[in-house]
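# Observations on the three-dimensional arrangement
Now for the letters of each chain:
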Amino acid sequence: MTLVWTIAIVLSLLAILDLIVGVSNDAVNFLNSAIGSRVASRRTIYWIAGTGIILGAFFSTGMMEVARKGVIYPQNFYLTELMIIFLAVMIADVVLIDTYNTLGFPTSTTIAVVFELTGAALAIAAIKTNGSLSGKADLTDFINTGRVFLLFSGILVSIFLAFVTGALVQFISRVVFTFKYQGRFKLLFSITGAFAISAILFLILKKGLDASILWDYPVFAWFQEHSAAFFLIVFAATFFILFLMGFLFEMDIPRLVVLFGTFALALSFAANDLVNFIGIPLAGIESFKAYLTSGTSVSPDQYGLAFLSDDWLRNHGFKDGIYITFFLLSGIVMMLTIFFSRKARSVTETEVYLGRQSAGQEHFEPSQLSRTLVRNFLAGYKKTDKFLPGRLHRFISSRYERPDFQESKKQVDEVIYFDTLRATVNLVVASVLISLGTYLGFPLSTTFVVFMVAMGTSLADQAWGRESAVYRISGVLSILGGWFITACLGFLGAFLLTLFLWWGTWIAMIISLVLMGLYLHQSTRFHNKRRAEKEQFKKEVYNEIAENIGWMRNAGSETIRRMMLESSKIYLIVVQGLLDEDETKLLEIKEKTEGLQSRINGAKTEFFRTLSKMPEESQDSGQFFIQALDYLTELGNTLSSMVNPVYSHIKNQHKGLIDYQREDLITLLEDITSFFNFMVHLEKDKKFLMLPELIQRQESLFQVIESMRLKHIRKIRTGEGKTRINIIYMELLGETRNLITYSVNLVKSLRNFYQPES
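The residue numbering used here restarts from 1 in each chain and proceeds along that chain's sequence as written. Totals for whole chains, interfaces and linings use all residues, but because this is a predicted model, local features are given only for residues with pLDDT of at least 70 and pairs of side-chain atoms are given and counted only at 80 or more. Hydrogen atoms and water are omitted, and side-chain values are computed over all heavy atoms in the structure.

## Structural notes on the overall build of the protein
Under the DSSP-based scheme used, a helix requires at least four consecutive residues in state H or I and a strand at least two consecutive residues in state E, with every element numbered from the N terminus. Tallying secondary structure elements over the protein gives 27 helices and 0 strands in all. Residue burial in the protein is summarised as follows: out of 758 residues, 52% are buried. Residues are treated as being in contact if the distance between any of their heavy atoms lies within 4.5 Å. Partitioning the contacts of the protein with sequence separation of at least 6, the portion at a separation of at least 24 is 84%. Surface accessibility in these figures is a Shrake-Rupley result with a 1.4 Å probe; residues are shielded only by whichever protein chains are displayed. Total accessible area on the protein stands at roughly 33,500 Å², and carbon and sulfur atoms take up 62% of it. Exposure is judged per residue with a 1.4 Å probe applied to protein chains only, and the accessible area is read against the type maximum: over 50% gives exposed, under 20% gives buried, and values in between give partly exposed.

Below, the structure written as structure tokens:
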């Protein structure tokens, strides 16, 4: 009894955690279009979405039945068994979804919950049958396998359907409206906007929400009987309002549609997906409450839960003050999460970046599959293009001529990644597909539909050009693969955790909760650290971009100085890690080196994007800045060539440095530290008159390195040191020389940039 009490309390706390991590991941579903097109400030978008979330939470009572009886058959479990299932599912769900949030990956919370429930129920079923669970008859006594497979097959179909529908609708919309639609097509936009808003509202009220709770009101009862008339009335009223606002106030009609679509999709999300976060805790608390009020003397191990098969919550939940408060608090927690969750921003950025119109620094590395797909697509496109009539080809091409809206002079938080027309298509198509799927009883994942629609519209909008296609497709494939990994990990994690909790009871529960808490703490620290580095990079690269040489003199120079300083720190830690044979330190510095190379490439990309906007007289001086960036790139490559073999050597537990090698490296480390300190001081204060002294220090270090190389060669000739460390040692000396050379050349380039007459 005490165990069940405790689990009920823990489920209440886990409901809050799951709301936070779940909304952090799913917020991308209704925020990406509005944020990507910048129809309003972030805060305004959050308020609109938050209002929809809170309202939608009150319409989620019907969907809560899914957690009670949608995946498992509760009548075949006892209270203790079901509470352990729910606890295992919640712990697994919090850890799994938080992992995706930390990595900035959107995933499907619906898939996670369904397969976690399946895995946990299977574990208890195996225990109840003494491990003899086999055959369809036994399995279907505990798990609704038909619904699970229907959901999975429905998701597979929806991936293709959403992508193709999004691409087709976007292509038609772009051909009709073009990229230069601002201030034009007011009548046509009023008609299509009115149709979009009416369709979204109609489908949400018709079946997207559990609107049965409103049927007692005359207006909604009339709507159920006269659906077609309702649609026409809403269409006429919306058309009149949009047309009037477009002509009298010059309002951007697509912007209004995006804002309404954001509200509607947030409302639909809360109504349909809130069950993923609080459905299980609510079912657990309700089960425990029923046991307490039953007055039975039966222990929780023998108390049946057949009542969970009823639709009590659907019919009475909205009339119960406790449940109303529960839904209201859930809506408030979700709203606060989208305002303050940094992980939610990371997930949103991933999807927005995959769909952005412009090229730039990409978040994903190309895979062989993405290269193959792009190569085959280009080959197919060339063949198709030959059969396309020239007049039709020229017409379509003319509709895709676009202003350079993505090259915004605004702050980074206001960069427009795609226009309001694509944002409108994203929201309308996704909303209609989700509501239509619910109306037809076809199982859909909100995340799958919204993401694949966004990717389809990106493809149709030619956002995936030759410069970015392999990266974007690789990102899409990675996220699709991540969703299937979610299903596997959710199932396996909940299955094992359920067995652990069943056999370990109190001890297992405490251990699981403590480990979960530690994991959440570490993941948050990791995410904050990575976020801080990314924000610093954005600040350095974007904050002071201007159409003159001033950006390179200030923000650009500061960026290079920071990277020079970080390069020197990486080198010193690599050598020290080799001396100490510290594998952990070397792994950390290996990741830092990869991050440095990524930031250097990003800085070069943004510089070239800025260079074309500078006056002609500034571009001549910019060539020296390009040289500096090239040498900075070589510094990153040199560090990588140094770090990787050293890390592999220590990781494989090979022999460490010989005594004379250790002594020489310690001496060299001191000299290199002094050299880098002098170089950074020279560049920071622009004391380029001291450059000859820097070159003298360089020559002195070359002599030290050369003497160390000769000494090592003599040792080898005498038969000393026939281990792998000899290769590492010689490579380290060679790369050190390269590091010094590139560093001095970088400073020379900066000197020429600041003093071109020198």
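## Comments concerning a nonpolar patch on the surface
Excluding any residue in a salt bridge, patches collect residues exceeding 30% relative accessible area, merging like charges within 9 Å and nonpolar Val, Leu, Ile, Met, Phe, Trp and Tyr side chains within 5 Å. Any Lys or Arg side-chain nitrogen located within 4 Å of an Asp or Glu carboxyl oxygen qualifies as a salt bridge. On the surface, Phe500, Trp506, Ile507, Ile510, Ile511, Val514, Leu515 and Leu518 cluster together into a nonpolar patch covering about 770 Å² of accessible area. One can find leucine 515 in helix 21 (residues 469-542). Residue leucine 515 is classed as exposed on the basis of its relative accessible area, which comes to 51%.

## Focus on a positive patch on the surface
Together, Lys382, Lys383, Lys386 and Arg466 make up a positively charged patch on the protein surface. Tracing the sequence through the fold places lysine 382 in helix 17 (residues 368-387). In this structure lysine 382 comes out as exposed when scored by relative accessible area, which is 54%. When charges are counted, Lys and Arg contribute as positive and Asp and Glu as negative, whereas His and the chain ends are disregarded. We put the charge of a Lys on NZ, of an Arg on CZ, of an Asp on CG and of a Glu on CD.

## Quick look at the packing of aromatic side chains
Under the pairing criterion, centres of Phe, Tyr and Trp rings, with the six-membered ring standing for Trp, must be within 6.5 Å; the plane angle then separates stacked pairs below 30 degrees from edge-to-face pairs above 60, leaving the rest tilted. One pass over the structure, following the stated rule, counts 11 aromatic pairs. Plain terms: the ring middles of phenylalanine 195 and phenylalanine 231 are 6.1 Å apart, the flat faces sit at 80° to each other, and that makes the pair edge-to-face. Of this pair, phenylalanine 195 sits in helix 9 (residues 186-208) while phenylalanine 231 sits in helix 11 (residues 227-248), and the two are 36 residues apart along the sequence. Ring pairs connect the aromatic residues Tyr46, Trp47, Phe339 and Phe340, which therefore count as one cluster. The positively charged end of arginine 174 is found above the aromatic ring belonging to phenylalanine 179, 3.7 Å away from the centroid. As a reminder, the over-ring test applies to NZ of lysine and CZ of arginine, requiring each to be within 6 Å of the ring centre and within 35 degrees of the ring normal. For arginine 697, the ring lying beneath its charged end belongs to phenylalanine 678, and the centroid distance is 4.2 Å.

## Things to note about the packing of helix 1 (residues 2-26) against helix 5 (residues 79-103)
Relative placement of two packed helices is described by the angle separating their axes and the distance separating the axes. Axis angles are defined between N-to-C directions and span 0 to 180 degrees, where every axis is a line fitted to C-alpha atoms and, for a helix, only to the segment in contact. Where helix 1 meets helix 5, the axes come as close as 9 Å, and the angle between the chain directions of the two elements is 25°. Taken together, the axis directions place helix 1 and helix 5 in an arrangement best described as roughly parallel. At the point where helix 1 passes helix 5, the crossing takes the left-handed sense. What sets the label is the angle itself: under 35 degrees gives roughly parallel, over 145 gives roughly antiparallel, 65 to 115 gives roughly perpendicular, and the rest give oblique. Crossings are sorted by hand: turned counterclockwise from the far helix by less than a right angle, the near helix makes the crossing left-handed, and turned clockwise it makes it right-handed.

## Structural notes on the packing of helix 5 against helix 16 (residues 342-355)
Put simply, helix 5 and helix 16 touch, their axes get as near as 7 Å, and they point 65° apart. Judged by the inter-axis angle, helix 5 sits roughly perpendicular to helix 16. When you trace helix 5 past helix 16, the crossing you get is left-handed. Each of Asp98, Asn101 and Thr102 in helix 5 lies in contact with helix 16, whose residues at this interface are Lys343, Ser346 and Val347. Following the grouping adopted for this structure description, the nonpolar residues are Ala, Val, Leu, Ile, Met, Phe, Trp, Tyr, Cys and Pro, the charged ones are Asp, Glu, Lys and Arg, and the polar ones are all others, Gly among them. Along the lines of polarity and charge, the residues of the contact of helix 5 with helix 16 split into 1 nonpolar, 3 polar and 2 charged.

## Quick notes on the nonpolar core
Take the buried Ala, Val, Leu, Ile, Met, Phe, Trp, Tyr and Cys residues and link them wherever side-chain atoms come within 4.5 Å; each set so joined is a nonpolar core. Within the largest apolar cluster, 124 residues are counted, with the highest numbers of intra-cluster contacts made by Phe30, Ile85, Met334 and Ile338. With 16 residues, helix 5 is the single largest residue contributor to this core. Setting aside residues up to four positions removed in sequence, isoleucine 85 forms contacts with Phe77, Leu117, Ala120, Ala121 and Ile124. With 52 residues, the next largest nonpolar core counts Ile589, Tyr729, Val744 and Leu750 among its residues.

## Considering the environment of threonine 107
Looking at where threonine 107 falls in the secondary structure, it is placed in the loop between helix 5 and helix 6 (109-128). The spacing of threonine 107 and threonine 447 is 340 residues in sequence and 6.7 Å in space, taken between C-alpha atoms. Side-chain polar atoms of threonine 107 contact the side chain of threonine 486, separated by 2.7 Å. Throughout this description, a polar contact denotes any pair of N or O atoms lying within 3.5 Å of each other; where both atoms belong to protein, one of them has to be capable of donating a hydrogen while the other can accept it, and for residues adjacent in sequence the pair is counted only when both atoms sit in side chains.

## A few points about the pattern of salt bridges
Two side chains bearing opposite charge may form a pair once their charged atoms approach each other closely. Under the counting rule described, the total for this entry stands at 9 salt bridges. Between aspartate 580 and lysine 585 there is a salt bridge, and its shortest N-O distance comes to 3.8 Å. With a shortest N-O distance of 3.1 Å, glutamate 594 and lysine 590 are connected by a salt bridge. Remark: lysine 590 and glutamate 594 occur in helix 23 (residues 583-611); sequence separation between them is 4 residues, near one turn of the helix. Relative accessible area serves as the criterion here: at 21%, lysine 590 is assigned to the partly exposed category. Shared partners join several salt bridges into a network, and the residues in it are Arg174, Asp419, Arg422 and Asp461.

## With respect to the side chain of aspartate 664
Mapping aspartate 664 onto the fold places it in helix 25 (residues 659-684). For aspartate 664, a relative accessible area of 13% gives the class buried. Non-local contacts of aspartate 664, meaning those with residues more than four positions away in its chain, are made with Met708, Lys711 and Tyr729.

## With respect to the environment of alanine 167
Checked against the element boundaries, alanine 167 lands in helix 8 (residues 145-177). Taking the C-alpha atoms as reference, alanine 167 lies 9.5 Å from valine 425; in sequence the two are 258 residues apart. Setting aside anything within four residues of it in sequence, one finds alanine 167 in contact with Gly456, Thr457 and Ala460.

## A few points about the confidence of the model for the protein
For residues with low pLDDT, the predicted coordinates do not support detailed interpretation. For every residue, the predictor assigns a confidence score, pLDDT, that lies between 0 and 100. The predicted model of the protein averages 79 in pLDDT, with 81% of residues at 70 or higher. Per-element mean pLDDT across the protein ranges from 53 in helix 14 (residues 312-316) up to 90 in helix 5. Taken together, the stretch residues 405-414 has pLDDT below 50 and engages in 21 contacts with residues farther than four places along the chain or on a different chain.

## Regarding unusual backbone geometry
Phi angles above zero are rare outside glycine, and glutamine 462 is one such case at about 60°. Tracing the sequence through the fold places glutamine 462 in the loop between helix 20 (446-460) and helix 21. The residue glutamate 581 is not glycine, and still its phi comes out positive at about 55°. For glutamate 581, the location among the structural elements is in the loop between helix 22 (550-580) and helix 23. The exposure class assigned to glutamate 581 is partly exposed, which follows from its relative accessible area of 39%.

## Brief notes about helix 13 (residues 275-294)
One turn of an α-helix holds 3.6 residues; hence residues three or four places apart share an orientation. Here helix 13 lies mainly inside the structure; 15 of its 20 residues are buried. The positive-phi residue at the C-terminal boundary of helix 13 is glycine 295, with phi of around 70°.

## Some remarks on the side chain of aspartate 18
Tracing the sequence through the fold places aspartate 18 in helix 1. In contact with aspartate 18, not counting residues within four places along its chain, are Val23, Met90, Asp93, Val94, Asn276 and Phe277.

## Considerations on the environment of serine 474
Checked against the element boundaries, serine 474 lands in helix 21. We classify serine 474 as buried; its relative accessible area is 4%. Put simply, serine 474 and serine 367 are 107 residues apart on the chain and 5.9 Å apart in space, counted from C-alpha to C-alpha. Excluding anything up to four places from it in sequence, serine 474 contacts Phe364, Glu365, Pro366, Ser367 and Ser370.

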